[in-house]
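Inside the fold
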Amino acid sequence: MNPLLEVDGLTVRLPVAGEPRTVLRDVSFSLDAGSTLGLVGESGSGKSMTVRTIARLLPEGADVRGGVRLDGAEVFGLRAEALRSYRAKDVAMIFQDARAHTNPVRTIGDFLTEAMRTNDRMPKPAALKRAQDLLSEVGIGDPERRLRQFPHELSGGLLQRVMIAAAVAARPRLVLADEPTTALDVTTQAEVMAILGRMRREYGMAMLFITHDLELAGAVCDETIVLYAGQVMERQASARLHQDPLHPYTAALVQARPEIDRRADRLPAITGHPTSAYEAPDGCAFAPRCRFAQEDCRTGVPPLLRIGPSQTRCVRMPGLRGRMAGQRHIGSASHEEAQR
């Protein structure tokens, strides 16, 4: 069976201060119908830019190379009515800041029914009834009253549930979730993710899920992709990503997270600062921050190697595998240690 979503060699350049800057470099992956794929990485790694490219929400002047296909149809070949249908019915996006993506002077009812009335030509009474049903499905009580309220009258958790309701209203085949729980407390995060997971399963939707939380990605996603400097560094089954990382950057992220069952005076940290795609040096983009880097890591862009069902962009992986997961100090190392 062919994948629902195929991203092939995606490279994106944006104009910044009159100069083209690369923000994604040769990003390739696929996603099957009904599956969930996580995107993790530090800020600036290209996570949000990837989903915005898939949704065709790029700023004017963007230069896109490579391909994005949904069910075999080239997304960047869609025009006019086909593009409107793609955005309205095939793909839905859930943003991390619900308040920034709702109109503060329009009611929740207006927000939820606009697409139904515009795209589906649904009469207002039917659209309002559908909106009430959607609010009930996402666990919001007294939906009739909520539809009359404005965004500022709802808590962050309730407003994010409204965003989920709006996203699934058209039963899209693909949901792009850009850190939908970032501004929420832990309890509300769990409730929102449970609702999103249930609705995804009920409607058979695929989901591309962005998060900084590796534990959350492990719990929610079938597989996880690790991005750095606009490139795919690793792709693995989410459970294996924690147990057997195949790239030093993945290992560094895993080791830098806090653990409930272990006390530490200081969390291990990755030395240096995150690198954007346009700042990336020759060779492996992570080499300046990697304790295992050698000269061959700094010449030529390393290919994305396939290791069984997984992938990694590390030329030293065969010799490092099994050693990285147990390392608690991820900072720079001496030349002799890197040679071991």
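Report on the accompanying structure. (Residues numbered from 1 in each chain as written. Predicted model: local features only at pLDDT ≥ 70, side-chain atom pairs only at ≥ 80, totals over all residues. Heavy atoms only, no water.)

**Focus on helix H7 (residues 186–203)**
Where we set the bar: Secondary structure follows DSSP: runs of H or I at least 4 residues long count as helices, runs of E at least 2 residues long count as strands, and numbering of each begins at the N terminus. By this rule the span expected of a helix is its residue count minus one, scaled by 1.5 Å. In this scheme, a residue with accessible area under 20% of its type's maximum is buried, one over 50% is exposed, and one in between is partly exposed, where area comes from a 1.4 Å probe on protein chains only. The criterion used for residue contact is that any of the two residues' heavy atoms lie within 4.5 Å. Between N or O atoms, a polar contact is any pair within 3.5 Å; within protein, one atom must be a potential hydrogen donor and the other a potential acceptor, and residues adjacent in sequence are included only when both atoms are from side chains.
The end-to-end C-alpha separation of H7 is 26 Å, in line with the 26 Å expected for 18 residues at 1.5 Å each. Turning to H7, its buried residues number three or more, namely Thr188, Gln189, Val192, Met193, Ile195, Leu196, Gly197, Met199 and Arg200. Considering only its buried residues, H7 is in contact with strand S3 (36–40), strand S6 (91–94), helix H4 (124–137), helix H6 (156–168), strand S8 (206–210) and helix H8 (214–220). At the N-terminal boundary of H7, the capping side chain belongs to aspartate 185, with an oxygen 3.1 Å from the backbone nitrogen of threonine 187.

**Focus: empty space enclosed by the protein**
Which entries qualify depends on this criterion: Whether a set of points on the 1 Å grid over the protein atoms alone is a cavity depends on a 1.4 Å probe fitting there but being unable to get out, while an open set qualifies as a pocket with protein on both sides within 12 Å along at least five of seven lines; lining residues are those with an atom within 4 Å of a point. Grid points are joined across faces, edges and corners, and a volume is the space filled by probe spheres set on the points. Polar here means any residue other than Ala, Val, Leu, Ile, Met, Phe, Trp, Tyr, Cys and Pro, which are nonpolar, and Asp, Glu, Lys and Arg, which are charged; Gly is therefore polar.
Following the criterion strictly, the structure yields 2 cavities of 30 Å³ or more and no others. For the largest cavity, the calculated volume is near 90 Å³. Lining the largest cavity are 14 residues; nearest its centre among them are Cys284, Cys290, Cys297, Cys314 and Val315. Partitioned by chemical class, the residues of the lining of the largest cavity number 11 nonpolar, 1 polar and 2 charged.

**Digging into the sheet that holds S8**
Selection rule: We treat two strands as partners when DSSP finds at least two bridges between them. Each axis is a line fitted through C-alpha atoms, and for a helix only the stretch in contact is used; angles between axes span 0 to 180 degrees, taken between their N-to-C directions.
Strand order in the open sheet made by the 8 strands is S6-S7-S8-S3-S9-S10-S12-S11, with mixed pairing throughout. Only two strands of the sheet have a single partner each, and these edge strands are S6 and strand S11 (305–307). Averaged over all adjacent pairs, the angle separating strand axes in this sheet is 20°, with direction ignored. Packing against the sheet, helix H1 (residues 47–54) makes contact with S3, S6, strand S7 (174–178), S8 and strand S9 (223–228), and its axis sits at approximately 150° to S8.

**Topic: the layout of surface pockets**
Within this model, the largest pocket holds a volume of roughly 960 Å³. Lining the largest pocket are 30 residues, and of these Arg87, Ala88, Ala115, Asn119 and Ala166 sit closest to its centre. Those elements that provide at least two residues to the lining of the largest pocket are helix H2 (80–90), S6, helix H3 (108–119) and H6. Sort the elements by how many residues they give to the lining of the largest pocket and H3 lands first, with 7 residues. A breakdown of the residues in the lining of the largest pocket according to their chemical character gives 19 nonpolar, 4 polar and 7 charged. The volume enclosed by the second largest pocket comes to roughly 290 Å³. Along the walls of the second largest pocket sit Glu42, His212, Asp213, Leu214, Glu215, Leu253, Ala256, Arg257, Pro258, Glu259, Ile260 and Ile270, which together make up its complete lining. Only H8 and helix H10 (248–256) provide two or more residues apiece to the lining of the second largest pocket. Counted by class, the lining of the second largest pocket contains 6 nonpolar, 1 polar and 5 charged residues.

**Quick word on the environment of serine 85**
Considering the arrangement of structural elements, one finds serine 85 in helix H2. Assessed through its relative accessible area of 28%, serine 85 is described here as partly exposed. Separated by 199 residues in the primary sequence, serine 85 and cysteine 284 have C-alpha atoms spaced 40 Å apart.

**Structural notes on the pairing of S8**
What counts, and what does not: By convention, a crossover is right-handed whenever its connection, traced from the first strand over the helix to the second and viewed with the strands pointing away, goes clockwise.
The element S8 is extensively covered by neighbouring structure, given that 5 of its 5 residues are classed as buried. Burial along S8 is two-sided: Ala206, Leu208 and Ile210 facing one way and Met207 and Phe209 facing the other are all buried. Both S3 and S8 contribute to a ladder of 4 bridges, which runs parallel. The partner of threonine 36 across the bridge, within S8, is methionine 207. The sheet contact formed by S7 and S8 spans 5 bridges and is parallel. Residue pairing in the sheet places valine 175 in a bridge with methionine 207 of S8. Read as a crossover between parallel neighbours, the route from S7 over H7 to S8 is right-handed.

**A word on the state of the cysteines**
What counts here: Criterion for a disulfide: a pair of cysteine sulfur atoms within 2.5 Å.
Scanning the model with the defined rule gives 0 disulfides in all. No disulfide involves cysteine 284; its sulfur sits 6.4 Å from the nearest other cysteine sulfur, which is in cysteine 297. Looking at the unpaired cysteine 290, the closest cysteine sulfur is the one in cysteine 297, lying at 6.5 Å. By relative accessible area, which is 15% here, cysteine 290 ends up buried.

**Examining the sheet that holds strand S5 (residues 73–74)**
Reading across the sheet, the 4 strands line up as S2-S1-S4-S5 and stay open at both edges, with antiparallel pairing between neighbours. Whereas interior strands pair on both sides, the edge strands pair on one side only; in this sheet they are strand S2 (19–31) and S5. Sheet topology note: the strand S4 (residues 63–70)/S5 ladder contains 2 bridges and is antiparallel. The residue of S5 that forms the bridge with leucine 70 is alanine 73. Sitting on the sheet, H1 is in contact with strand S1 (5–16), S2 and S4, with an inclination near 75° to S2.

**Digging into the pattern of salt bridges**
Here is the rule: Take a side-chain nitrogen of Lys or Arg and a carboxyl oxygen of Asp or Glu: if they are within 4 Å of each other, that pair is a salt bridge.
Scanning the entire structure with this criterion turns up 17 salt bridges. Across the pair glutamate 81 and arginine 84 runs a salt bridge, and its minimum N-O distance is 2.9 Å. One end of the pair, glutamate 81, and the other, arginine 84, are both in helix H2, 3 residues apart, so they sit about a helical turn from each other. Aspartate 244 is paired through a salt bridge with arginine 240; the nearest N and O atoms lie 3.1 Å apart. For arginine 240, a relative accessible area of 37% translates into the label partly exposed. One connected set of salt bridges, linked through shared partners, spans Asp71, Asp90 and Arg173.

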